[in-house]
Structures are given as structure tokens and as C-alpha cells.
Amino acid sequence: MTDFAELNPPQRLLLGPGPSPVHPQVQRAMAAPSLGHLDPELLRLLSETSELLRYAFQTKNELTLAVSGTGMAGMECVLGNLIEPGDRLVVGVAGFFGARLAELAERMGARVRRVECEWGRDLGFDPLAAAIKEETPKAVAIVHAETSTGVLQPMDEIGELVHRYDSLLIVDCVTSLGGAPVTIDAWDADAAFSGSQKCLGCPSGLAPVTVSERFRNAVKKRTTPVHSFYLDLELLCRYWLGDHLYHHTISAPLVYALHEGLRLVKEEGLVDRWARHRSNAELLWNGLERLGLELHVPRVRRVPSLTTVRVPDGVDEAAVRVKLRDDYGIEIGAGLGPLKGKIWRIGLMGHGSQPANVALLLAALGQILGRD
Ligand SMILES: *Cc1c(COP(=O)(O)O)cnc(C)c1O
């Protein structure tokens, strides 16, 4: 029998596309004694978490909670509660996660019309409008901050457009919630989901979800029950906010984490938090340009929490990431799909968005590339 060493993972500065550094107060909160999933104190924390999530999402939606699972569980949950086989959906595919949305909807039997664009641009209002007009879909699903490209999709007027055709607007806010302005009610969005490990300063494991009354009414009109019991929003709502009927054994340490992460969001204030992400992103952008590196996305469309930078000609992109990890303890991400080998992805998310982290990464990258 082998001797198994005591767990001792290395320190890493997580500056990739997620997960991001866990805030020390969140780390401490997770070490608190566990509680049963029906304990009055845990139920109180769930109710407060729901209220804090309404603040983070900027919504009055009653059905606002977190499903157990990562951001993908949030995606499966929102699509799965709505879609019945044969439903028509328009999906914006501006990168890897837009493609995921489309694939998931198809797996659920939806007939999907993809609105595509080059990886590094936003979808554009007119192509979306044309597709919606043609399809009159049950729902339109788009990604707010496309983590594979670093592009922030402008949300102006999309809600109005979608509702003109009696459709519902679904928005993936996994990389933007807590890091860039997400305003669900002002956007007139009907459903949004996120993940705990991007800009909320928590480890992965809970996926915030919010849905409008319009969305809930559409779910009520289904002719078949929601296929997933685990992700059934009305059952989850009953457990979180209703008579607390047992649904599943939610992880108390993860609830503590999300509650503390969101409490910190509230304490900092959303406007200040967005400004912090923005100003640290600008420090990074300017620093990368000083190193002679080229950013992949025009400044006006950049996601503040996720920067994509082009790999210079003749540089082995993977070797740079390995050196950053092994010699400097810093993690950044690689490109996906058509951008594989062409870009690096640098996240300044949540607690990771700090000037000191920007300075460290720029210094390390400068040394590795011999540009310091
Ligand atoms: C990370 C991410 C997801 C998936 O989240 P997981 O936590 O990895 O399941 C979905 N959409 C976007 C835009 C993301 O950045």
C-alpha cells in the first residue's frame, strides 16, 4: 500500500478564465461548522443569499437562487426548464460559450437558429433582429461576456426587440456577474445564470439563476414536466424560499461561501466593484501594450474581467503558460476553438482583480518573453 501524503496543493495565482482567487473571508466562511440542509439557520442563509443575488443581478425577480453545480448547471437549468422538443430558439454564437448554448438547446430537442459572428466581435443588433423576426422563437439566448473571446455583448434594446416578438431573453452572465454591469431588470431579460467561481470570489459549485414572471408563466404552459428533477426551478424555489420541502442536500460550506462572497459584493457596492474591475483591466491593457503585445478585442468591446491577448509570432504559447505556472505560480488560460494557439486569456476576476496581481503578471510575462 502506498503512503499517501497529506494534501498540500501548491499556491497558484489564478489569473485565467476561471476559477479565480477565493477571497480570504470566503475561505474562512467555508471552514465554519456544517449545517443540515433543513436547519433554520441554513434556511435563513439561503433566504439572505437570494436577496443578495437580487442585488448582484439588479433584479426584483422572486425566483432568484443558486443551483448546486457549476455555471454549466445554471445553463442546463435555464434552458431545461423552458425548452420542450420542437421549440424554436435563436442563439447568439460569438464564441465557445454561445456554441455551448446552441448545442445544449439542440440536445433538449429545440430547433436552433444560430446567429454567428467572428470570434472577437459582438453579435450586432441587426443580424439578431433579422433572425428573431424570421423565426419568432420561444426564446433568444446570448452570452453577455464571452469568455472565449473577451468580448462584451452590448445589451441595449435587445430586451425590447425580443419581447416585440413575444419571445424570452436568456443571458449567460457567468463571467460578467460581479465584474461588469449586469442589470437584469433594466435589460428586461427573462432569465440569467452565472457561476460562483468567476467574479464572485468563491470556489466553483453553485450557479446563481434568476428568472422573470414571464419565464415562469412560459414554464407553466409546458405540455410535459421539466425533464430534470434536480434542476427544476419551481421545486428549487419551494425548497429555498417556500415551505422548504426537501429537494436535495445543498452543500452548507458552499452556501457559506456564496453568502460571504455576495455580502462582500454588497459591502463594496456594485458600482465601485465594476469600477475596480474596469480600472485594473485598464492597467493590464496598458501594460500589455507597453510590452508590445496586441490585444484581440477593440477597447470599447472588452470584458473588464477577461482579457484576450495575441500570442506574438514565433512564440510557443503553451510553453509560456507552463513557465508562468511552474516558475511564477501564475495560471492564465489558452485560446479555444479557432483561437487555439493564437491568444492567451487573462482573468482579473473578483478578488483577483487587484493592481498587485497586474504588476506581478506583467513582470513575469515581460521576463519570460524577454521584453522586460
Ligand atoms: C465559465 C463559463 C461557463 C461555464 O461555467 P462552468 O462553471 O465551467 O460550468 C459558461 N459560460 C461562460 C460565459 C463562462 O465563462
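Keep in mind the model is a prediction, meaning the values are calculated, not measured. (Residues numbered from 1 in each chain as written. Predicted model: local features only at pLDDT ≥ 70, side-chain atom pairs only at ≥ 80, totals over all residues. Heavy atoms only, no water.)

> Give me the pairing of strand 4 (residues 111–116): which residues, what numbers.
Note that strand 3 (residues 88–93) and strand 4 share 6 bridges and pair parallel. From the neighbouring strand, V90 faces strand 4, where its bridge partner is R113. As a crossover connection, the stretch from strand 3 through helix 4 (residues 96–107) into strand 4 is right-handed. (Pairing = 2+ DSSP bridges. Helix = DSSP H or I, 4+ residues; strand = E, 2+ residues; numbered from the N terminus. Right-handed = clockwise from strand over helix to strand, strands pointing away.)

> Before we move on, could you go through the packing of aromatic side chains and cite the residues and values that matter?
Enumeration according to the criterion identifies 1 aromatic pair in this entry. Seen in terms of ring centroids, F96 and F97 are 5.0 Å apart; in terms of plane orientation they differ by 85°. Their pairing is edge-to-face. A relative accessible area of 17% places F97 in the buried class. One cation-aromatic arrangement involves R302 over W285; the distance from NZ or CZ to the ring centre is 4.9 Å. (Phe/Tyr/Trp six-rings, centres within 6.5 Å; stacked < 30°, edge-to-face > 60°. Buried < 20%, exposed > 50% of the residue type's maximum accessible area, 1.4 Å probe, protein only. Lys NZ or Arg CZ within 6 Å of the ring centre and 35° of its normal.)

> Run through the nonpolar core, naming residues and quoting values.
Proteins that are soluble and globular tend to have nonpolar side chains buried together. The biggest cluster of nonpolar side chains holds 90 residues, and the ones touching the most others in it are V67, L79, I170 and F215. Apart from the residues lying within four places of it in its own chain, the contact partners of L79 are L89, L101, L104, A105, M108 and I170. Core analysis: the second largest hydrophobic core is formed by 25 residues, L293, V309, L324 and I330 among them. (Core = buried A, V, L, I, M, F, W, Y, C linked by side-chain atoms within 4.5 Å. Contact = heavy atoms within 4.5 Å.)

> Give me the pairing of strand 10 (residues 206–211): which residues, what numbers.
Of all 6 residues in strand 10, 6 are buried, a share of seventy percent or more. Burial of the side chains of strand 10 extends over both faces: L206, P208 and T210 are buried on one face and A207, V209 and V211 on the other. Here 3 bridges tie strand 9 (residues 191–193) to strand 10, and the two strands are oriented antiparallel to one another. For A192, the partnering residue across the bridge sits in strand 10 and is T210.

> An account of the environment of S167 is requested, with residue identities and associated values reported.
Topologically, S167 is positioned in the loop between helix 6 (158–164) and strand 8 (168–172). Of the residues examined, S167 reaches a relative accessible area of 1% and is grouped as buried. In this structure, the C-alpha to C-alpha distance between S167 and K138, residues 29 residues apart in sequence, is 5.0 Å. Those residues within four positions of S167 in sequence are excluded, and the remaining contacts are P137, K138, A139, V140, V162 and D190. For S167, the side chain forms a polar contact with the main-chain oxygen of P137, separated by 3.1 Å. (Polar contact = N/O pair within 3.5 Å; in protein donor to acceptor, adjacent residues only side chain to side chain.)

> Give me the lowdown on unusual backbone geometry, citing residues and values where you can.
Of note, the bond from G18 into P19 is cis; its omega dihedral lies within 30 degrees of zero at 5°. Considering the arrangement of structural elements, one finds P19 in the loop between strand 1 (13–14) and helix 1 (24–30). We note that T136 has phi near 35°; this positive angle belongs to a residue other than glycine. Turning to its location among the elements, T136 is positioned in the loop between helix 5 (125–135) and strand 5 (139–143). You can call T136 partly exposed: its relative accessible area is 40%. Of note, D166 is a non-glycine position whose phi angle comes to about 60°, a positive value. Along the chain, D166 falls in the loop between helix 6 and strand 8.

Structural measurements only, silent on function.
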